[in-house]
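Chain by chain, the residues:
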Amino acid sequence: MAKESVKARERKREALVAKFAEKRTKLKAAGDWVGLDKLPRNSSPVRLHNRCKITGRPRGYMRKFGISRVLFRDMASDGKIPGVTKSSW
């Protein structure tokens, strides 16, 4: 499980990206590169990293569910994810 400070930092980045998204698109359309440089670095969507919403794990992230592969397997085995069943043949 990721440290709370790492999860908080990622949430802070998400908030900055949302806050400056409209301003960033206007500056890009106008070609104002100096104005873009003055925006905070963490307001760039490239700096975001997909993390598990529950544990904060950065690797093995499944976009469709928003959780890591480890947690997905546990939840699917317990039947907590609707429509997902363990395959058998």
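Residues numbered from 1 in each chain as written. Predicted model: local features only at pLDDT ≥ 70, side-chain atom pairs only at ≥ 80, totals over all residues. Heavy atoms only, no water.

When its domains are assigned, the protein resolves into domain 1 (1-49) and domain 2 (51-83). Between the C-alpha centres of domain 1 and domain 2 there is a distance of 26 Å. Contact residues are listed per partner, giving seven residues for domain 1 and six residues for domain 2. Roughly 530 Å² of surface becomes buried between domain 1 and domain 2 when both sides are summed, with 53% attributable to carbon and sulfur atoms. For the domain 1 face of the interface with domain 2, the top three residues by lost area are M1, K7 and H49, together amounting to 61%. Counting across the interface, domain 1 meets domain 2 through zero salt bridges. The tally of links from domain 1 across to domain 2 stands at two residue pairs in polar contact (both at pLDDT 80 or more). Counted by class, the side of domain 1 that touches domain 2 contains three nonpolar, one polar and three charged residues. (Domains from an automatic or database assignment. Contact = heavy atoms within 4.5 Å. Buried area = accessible area lost by both parts, 1.4 Å probe. Salt bridge = Lys/Arg side-chain N within 4 Å of Asp/Glu carboxyl O. Polar contact = N/O pair within 3.5 Å; in protein donor to acceptor, adjacent residues only side chain to side chain. Nonpolar A, V, L, I, M, F, W, Y, C, P; charged D, E, K, R; others polar.)

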